[in-house]
Amino acid sequence: MGKGLFISKTVGVVCVVLAAGAVATIIALSVVYSQEKSKNADVEPTSGGTSTAQPTAQPTEPPSNEPWDKYRLPDSLEPEFYTLTLWPRLQKNTDGLYVFTGKSTVRFRCKKETNLILIHSNKLELSLLDNQLARLSAVSDPSPPRIQKSWLQQETQYLVLQLTDVLKADQIYELYTEFQGELADDLGGFYRSVYTEDGVEKVIATTQMQPTDARKAFPCFDEPAMKAIFNITLIHDQNTVALSNSNVLEGIDVTKTTFHPTERMSTYLLAFIVCEFDFENRMEGDVMIRIFARKKAIEAGQAEYALNKTGPILKFFEEYYNSSYPLEKSDQIALPDFNAGAMENWGLITYRETALLYDPAVSSNGNKERIATIIAHELAHMWFGNLVTLKWWNDLWLNEGFASYVEYLGADYAEPTWNVKDLIVLGDMHRVFAIDALASSHPLSSKEEDIQKPAEIAELFDAISYSKGACVLRMLSNFLTEPIFLKGLQSYLNAFAFGNTVYTDLWDHLQAVNSSGMALPNNKKVHDIMNPWILQMGFPVVTIDTSSGTLTQKHFLLDPESTPSDFIWDVPIQWMKTGDEKPYTWLHQKEGLQTSPLEWLVANVNVTGYYRVNYDDKNWDNLLNQLNVNHEDIPVLNRAQLIDDAFNLARANIVPTTRALQTTSYLSKERNYMAWESALDNLDYFYLMFDRSEIYGLLQAYTRRQVTPLFNYFKTITDTWTKDPDGHTEQYNEVNALRMACSSGLTECNELVQNWYKEWMTSPDSNPIRPNLRSTVYCSAIAAGGEEEWNFGWQRLKEAAIAIEADKLRAALACTTKPWLLNRYLEFTLNATQIRKQDATSTIVYIANNVVGQPLAWDFVRTNWQYIFQEYGGGSFSFANLINGVTKRFSTPFDLKQLEQFKEENANIGFGSGTLAVEQSIERTKANIAWVNKNREVVKSWLESELSY
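What you see is a predicted model, and the numbers here were worked out from it, not measured in a lab. Here the residue index of a chain counts from 1 through its sequence in written order. For this predicted model, a pLDDT threshold of at least 70 governs which residues receive local features, and a threshold of 80 or more governs which side-chain atom pairs are given and counted, while totals over whole chains, interfaces and linings are taken from all residues. With hydrogens and water excluded, all non-hydrogen atoms of the structure serve as input to the side-chain values.

Undergrad: What's the story with the UniProt feature "site: Transition state stabilizer" (unreviewed entry) in the protein chain in this structure? I'm lost.
TA: Residues annotated in UniProt with the feature "site: Transition state stabilizer" (unreviewed entry) correspond here to Tyr466. Take Tyr466: it is sitting in helix α7 (residues 463-480). UniProt positions are given in the numbering used here, feature names are shortened, and annotations may be inferred rather than shown by experiment. Going along the chain from the N terminus, every DSSP run of H or I of four or more residues is numbered as a helix, and every run of E of two or more is numbered as a strand.

Structure follows, in structure tokens:
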């Protein structure tokens, strides 16, 4: 599943602080740079919404040792194929509900004798058949047992069937069910999406099964290892089109569509859709590629970019995996309501509209990158995840981490001038370091028995699985070398095609192909090196003393009050000395390098390793001097790394805070996006901590001084803001220049953007603002304005013809400094006719990014937590984004007390997949309190000193 907005995975949301001044409104801008890893990456399977009554369900009993009270299926039965007919009703019934009805037959083999059938079923009303909830028949057993008792076990989401006798081993049986479910708007299972076209409301029946919502669509063995073939038939209205994973087999009177049997696959990859969409298509070799979307979007050509890039990316992965695409078609569909960024259903990939549709007239450079990387992410899954599937969700990291790594490779092939592969450092590594440096982090892989409940599974869809997984696999590919990594990967996919694996199976195949290849330290195997990175939480900080040449490591924790573990990793060290790259060195506990305190040294060249680096004071001085004398002698990724490492080492009390601030002194000379973005991401923490104190003005003045040369540079090369810069990341940095110049109070910038917005208000049908700059301009102008500017933005949002433009406006509306407008906006998030459910939690987070809106958003979440939790369901991992988003500014004892009270008061309701986020927020708040107390005067003195000359 795509990162969506993680935000996540791939390009997230950059937030800076918001405050109002007497002369001009200084704002925090929420600039949406596109990406899943949203690398986010949004979100996620759900289990909420209104459900159909289940009168036959038994009440939840206390935990027992009975099989139906355990969350994992027994290993006694194995499905072979399903024959499934579904009929979604796209009009309300007499009870005012949208429903679907279905019939399902699953053929299964008995592997071990048993008198019990457990099959998943959730929120389905099953019809009585011979006074039972299912009908059992035999294919090969001449005397099959009968069903003696049947019921629904709600807690573990099973249909339980007790039999009169045992099912015999190696015999084949069939189970038939008839059922009805609600086509709810809860974004999970078989659900409905709604949009308006030419003033007419249209309803779509669509699906999101991952990870545990196929059971909401039909009774099934809903675990990834329970692969089967699916024979799907959809009954639908004559004016609609039916889609599923495979091609159409036949259509009868245009109301009944039957599809070819699928390949052997997991339930979570199933998809079926009934809609009134149109499509564009073309052949790529023997594969039919189709992009489906609203008819108006197809007419406007918004599917063309995705259509143009899907074929090349698909071809790239065929060559990368050395394996032909396993299906005859690749359908991709843009849905108005979709909770995740995208979902890799085999042969029918579903997307948010913002992740698939592109219009050069309104879409930014970042929007285009997001589309390319998410398409690459999902197509990578067609082999890695779909053809070969992990046995259980505890190894989700390998599935999503791998796709999050190679999405950059696929996008780079499709857009070779972008140099997009470097962006993994900002989009994934720096992002996940912030989480993995907490004592409440978790390892990439958990024990299988520790991940059981749907909410526990959903909680794994986080930055650790996606972004840390991507970075660790990138590190592995780098030290093994890409040819060896590829050879082992291809061997792995070939060996386990249409099957299931555990993560160590990949290590086995990499080891086999590396037996005479890359020498690993101390004759270690791939398992020995990689397992500590997978089974231990966190990562090391490597310390290099250039006076003695010694290297050491320890577990890096952001909170200096936390006690580091005694974890040890095998760390691959690539390093350079005064611009000269040196051979690989491996660090286990303590190693030596040939160094000199007279020369500067940088380790982790191009940031391929998953670790931070600290140096002795003399080398830090040498590096800072080099940045000021000729910064381009240090590779650009390492300039970004030096800044990010220094700021985080300072937060951990390993280096002085002044050392971190010194890494920004040279920025007035810097023009590269990577270094600037790293600096701004880290200065954002200072804004969060000090935007309610006297230090805020000093910070604004310093930022304004440093960014003004960058602002003037882009003013020159864009002919006074009339054209886009040439380079991909240079276009990103133009946005940074404008964003920070305006937010730090540069008068020329604020007058510029306010005039653009006023010009647009005067002629609403002629927007003068270039697409790349719209997020920044909208936010700045709305922050500086009042109700009139806000209402204009809201009206443009409601009339937007493409979701990408609507998303920019939705984020910008959170920038207003008027509390009553922010409170009204918060209330809109509870009304799906105003803010779509898929966008509700991110809208609340946008408001919390605003210094005026943060306390309002926090009060709103506390007041409405029960409703939010029940409406979205405990499995929705947008809860983690929401909790982290509304609490990230917390830095006072009062904030901490409120947070702990929130945890206590809602313990009976629960936090679902946000449970870990609550603990992380408490830990982060405590660390923030200590940091502010320690550094307030230090930061103030340094800024005053810098500004004095």
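Right, picking up where we left off after that structure.
Undergrad: How do you make sense of the pattern of salt bridges when you look at a structure like this?
TA: It is possible for side chains of opposite charge to pair when their charged atoms get near one another. Salt bridges are defined as contacts in which a side-chain nitrogen from Lys or Arg sits within 4 Å of a carboxyl oxygen from Asp or Glu. Considering all chains together, one arrives at 42 salt bridges under this definition. Note that Asp141 and Lys168 form a salt bridge whose closest N and O atoms lie 3.5 Å from each other. Here Asp141 is found in the loop between β10 (135-138) and β11 (147-153), whereas its partner Lys168 is found in the loop between β12 (158-167) and β13 (172-182), with 27 residues between them in sequence. Of the charged contacts, one joins Glu415 and Lys309 as a salt bridge, the two residues approaching to 3.4 Å between their closest N and O atoms. Here the residue Glu415 occupies a position in the loop between α4 (396-414) and α5 (424-436), and Lys309 occupies one in helix α2 (residues 304-321), the gap between them amounting to 106 residues. Across the pair, Lys309 and Glu415 agree in class, each one buried. One continuous salt-bridge network, built from bridges that share partners, spans Arg352, Asp807, Arg810 and Asp839. Between buried and exposed lies partly exposed: a residue is buried under 20% and exposed over 50% of the maximum accessible area for its type, with that area taken using a 1.4 Å probe on protein chains only.

Undergrad: I tried to follow the packing of aromatic side chains on my own but got confused; where do I start?
TA: The description of an aromatic ring pair rests on the distance of the ring centres and on the angle between the ring planes. Here a pair means two rings of Phe, Tyr or Trp (six-membered ring of Trp) with centres within 6.5 Å. Their orientation is stacked below 30 degrees between planes, edge-to-face above 60, and tilted elsewhere. Under the definition given, this model contains 70 aromatic pairs. Note on Trp865 and Phe869: the rings are 6.1 Å apart at their centroids and 40° apart in plane angle, and the pair reads as tilted. You can see Trp865 and its partner Phe869 sitting in helix α23 (residues 853-872), four residues apart, about one turn around the helix. For the pair Trp865 and Phe869, a shared accessibility class is recorded, and that class is buried. These aromatic residues form a ring-pair network of at least three members: Phe316, Phe317, Tyr320, Tyr321, Tyr325, Trp383, Phe384, Phe402, Tyr413, Tyr492 and Phe496.

Undergrad: Sorry if this is basic, but what is going on with the state of the cysteines here?
TA: Here a disulfide denotes one covalent bond, and it connects the sulfur atoms of two cysteines. The term disulfide is used for any two cysteine sulfur atoms that are within 2.5 Å. Scanning all chains against the criterion turns up two disulfides. Put simply, Cys742 and Cys749 are joined by a disulfide, and their sulfur atoms are 2.0 Å apart. Between Cys742 and Cys749, the disulfide has an S-S torsion of -90° and is therefore left-handed. The disulfide that involves Cys779 links it to Cys815, with 2.0 Å between the sulfurs. On the sign convention where negative is left-handed, the bridge of Cys779 and Cys815, at about -100° about the S-S bond, is left-handed. Of this pair, Cys779 sits in helix α18 (residues 774-784) while Cys815 sits in the loop between α20 (803-812) and α21 (819-828), and the two are 36 residues apart along the sequence. Cys779 gets classed as buried once you look at its relative accessible area, which sits at 0%. Should the bonded cysteines of the protein chain be numbered as they appear in the sequence, the pairing reads 1-2, 3-4. Between Cys110, a free cysteine, and Cys220, which holds the nearest cysteine sulfur, the sulfur-to-sulfur gap is 19 Å. Here Cys110 falls in the buried class, since its relative accessible area comes to 0%.

Undergrad: Hey, could you run me through the environment of Tyr466 in this one?
TA: Judged by relative accessible area, which is 0%, Tyr466 ranks as buried. Through-space distance from the C-alpha of Tyr466 to that of Leu396 is 8.7 Å; in sequence the pair is 70 residues apart.

Undergrad: Got a minute to help me understand the packing of α4 against α7 in this structure?
TA: Packed helices, taken two at a time, are described by the angle their axes make and the gap between the axes. Angles run from 0 to 180 degrees between N-to-C directions of axes, and those axes are lines fitted to C-alpha atoms, restricted for helices to the stretch in contact. Two elements in contact, α4 and α7, have axes separated by 7 Å at closest approach and are oriented at 70°. Viewed along their axes, α4 and α7 adopt a mutual orientation that is roughly perpendicular. Here α4 runs over α7; the crossing is right-handed. Taken together, the residues of α7 that come into contact with α4 (itself represented by Leu396, Trp397, Leu398, Glu400, Gly401, Phe402, Ser404 and Tyr405) are Ser465, Tyr466, Gly469, Ala470, Leu473, Arg474 and Ser477. Here the residues of the contact of α4 with α7 sort into eight nonpolar, five polar and two charged. Working definition: roughly parallel below 35 degrees, roughly antiparallel above 145 degrees, roughly perpendicular at 65 to 115 degrees, and oblique for all remaining angles. Rotating anticlockwise by less than a right angle from the far helix to the near helix defines a left-handed crossing, while the corresponding clockwise rotation defines a right-handed one. Every residue pair with non-hydrogen atoms within 4.5 Å of one another is taken to be in contact. The classification used treats Ala, Val, Leu, Ile, Met, Phe, Trp, Tyr, Cys and Pro as nonpolar, Asp, Glu, Lys and Arg as charged, and all other residues, Gly among them, as polar.

Undergrad: In this structure, what is going on with the UniProt feature "active site" (unreviewed entry) in the protein chain? I would like to understand it.
TA: UniProt's entry tags Glu378 with the feature "active site" (unreviewed entry), counted in the numbering of this structure. Examined against the element boundaries, Glu378 turns out to sit in helix α3 (residues 365-381). Excluding its chain neighbours within four sequence positions, the residues that come into contact with Glu378 are Met1, Gly2, Ala342, Met343, Glu344, Ile349 and Tyr351.

Undergrad: Any chance you could explain the pairing of strand β28 (residues 540-545) here in plain terms?
TA: Remember that side chains alternate between the two faces of the sheet whenever the strand is regular. The sheet contact formed by β28 and strand β29 (residues 550-555) spans six bridges and is antiparallel. Looking across to β29, one finds that Asp545 is bridged to Thr550. Count of turn residues in the β28/β29 antiparallel hairpin: four residues, of which Gly549 carries a positive phi of about 80°. Across four bridges, the pairing between β28 and strand β36 (residues 612-615) is parallel. Among the inter-strand pairings, Thr543 is bridged to a residue of β36, identified as Asn614. Strands are treated as partners if at least two bridges between them are detected by DSSP.

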